[in-house]
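# Descriptive structure summary
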Amino acid sequence: MMQSVRRLLIAIGISAVLAGGAQAAGDPDAGKVKFTTCTGCHAIPGYTNAYPNYHVPRLGGQHPDYIVAALNGYQTGERQHPTMHANAFSLSEQDMRDIAAFVAGARASAAPLPIRGDAVAGKAKSGSCAACHGADGNGNIPIYPRLAGQHEDYLRRVLADYQSGMRKNPIMKGMVATLSAQDVADLAAYFASQPNGLTVVKSD
Ligand code: HEC
Ligand code: HEC
């Protein structure tokens, strides 16, 4: 298992480097302006999606490469969410990179989240996540999202979406295949409770 994860990491790392070479860097000042339409949901602490009901994910401090990948996913419909499809629909690749550069550096100060699940149990189950997301969810490999400080209910929802196939990603599909509902709840509690993590976007 560890061997194959390592091989996968190396393969992904190489293609990320190759792809990265051709890309223009994002401009955070331009990104701030382009993010204006997003602040109503992503810059308000504790903002909740009306249906289905879970917190809008925190983006402040997230890795730019992951933000660009997520926006591309919503744009193509590979990642299904009507609201985010509408928001990503008209963005150019440069818009995405500018926005990503802005949100990566726009961390608001954040009070710790109230945690409902069992973070201690989650920590004991998180060993297989560390190689990509970091032991505390603050990993620094750009293509793997940071999880520390992300909303607990969003993390639960996403892990369940990978399990049901609603959200498609071959790596994460394998990672969640054997998790029970309890494991999902414990892991979400653990990563959500880790300090120095994601925040809402600081937009003023
Ligand atoms: C009406 C509220 C709303 C608006 C406006 C909105 N978003 Fe979102 N955003 C959401 C919700 C809800 C999700 C979680 C969707 C899901 O489950 O995949 C999300 C997810 C995301 C994600 C994925 C986060 C992750 O951790 O995977 C990114 C990136 C993102 N939004 C960026 C943007 C950008 C950029 C804009 C503006 C162009 C924007 N959003 C506007 C509600 C909103
Ligand atoms: C081999 C690398 C790898 C391992 C190991 C791994 N992940 Fe992931 N994870 C990824 C990738 C790549 C993505 C982005 C997939 C996508 O775009 O949907 C991701 C996405 C996620 C997301 C979505 C974050 C967001 O903001 O929407 C969560 C939650 C997550 N992983 C949790 C876990 C947990 C919990 C474990 C351990 C049980 C784990 N991952 C193990 C690579 C990995």
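Note that the structure is a prediction, hence the values are computed from the model and not measured.

### Here we look at the overall build of the chain
Summing up its helical and strand segments, the chain has 11 helices and two strands in all. Within the chain, the fraction of its 204 residues that count as buried is 35%. Counting contacts in the chain only where the partners sit at least 6 residues apart, residues at least 24 apart contribute 80% of the total.

### Section: the packing of helix α9 (residues 152-164) against helix α11 (residues 181-192)
Between α9 and α11, the least distance of the axes is 8 Å, while the angle of their chain directions is 140 degrees. The angle between the axes of α9 and α11 places the two elements in the oblique class. α9 and α11 meet at a crossing whose hand is right-handed. Note on element contacts: α11 touches α9 through Val184, Ala185, Leu187, Ala188, Ala189, Phe191 and Ala192, opposite Glu152, Leu155, Arg156, Leu159 and Ala160. Class assignment for the residues of the contact of α9 with α11 results in 10 nonpolar, no polar and two charged.

### Examining the nonpolar core
By size, the foremost hydrophobic cluster in this structure holds 19 residues, and its most contacted members are Ile67, Leu71, Ile99, Ala100, Phe102, Val103 and Val201. It is helix α6 (residues 93-105) that contributes the most residues to this core, seven residues altogether. Not counting chain neighbours up to four residues away, the residues in contact with Ile99 comprise Gly31, Lys34, Phe35 and Ile67.

### Describing unusual backbone geometry
Positive phi, close to 60 degrees, is recorded for Asn196, a residue that is not glycine. Here Asn196 shows up in the segment after α11. Residue Asn196 is classed as partly exposed on the basis of its 14 C-beta neighbours within 10 Å.

### Some thoughts on the environment of Gly77
Turning to its location among the elements, Gly77 is positioned in the loop between α4 (64-76) and α5 (82-88). Judged by the 12 C-beta atoms lying within 10 Å of it, Gly77 falls in the exposed class. As for Gly77 and Ala88, which are separated by 11 residues in sequence, their C-alpha atoms are 9.9 Å apart.

Reading the values: the criteria
Residues numbered from 1 in each chain as written. Chains lettered and ligands numbered in written order. Predicted model: local features only at pLDDT ≥ 70, side-chain atom pairs only at ≥ 80, totals over all residues. Helix = DSSP H or I, 4+ residues; strand = E, 2+ residues; numbered from the N terminus. Buried ≥ 20, exposed ≤ 12 C-beta atoms within 10 Å, placed from the backbone. Contact = placed C-beta atoms within 7 Å. Axes fitted to C-alpha atoms, helices over the stretch in contact; angles between N-to-C directions. Parallel < 35°, antiparallel > 145°, perpendicular 65-115°, else oblique. Left-handed = near helix turned anticlockwise from the far one by under 90°. Nonpolar A, V, L, I, M, F, W, Y, C, P; charged D, E, K, R; others polar. Core = buried A, V, L, I, M, F, W, Y, C linked by C-beta atoms within 7 Å.

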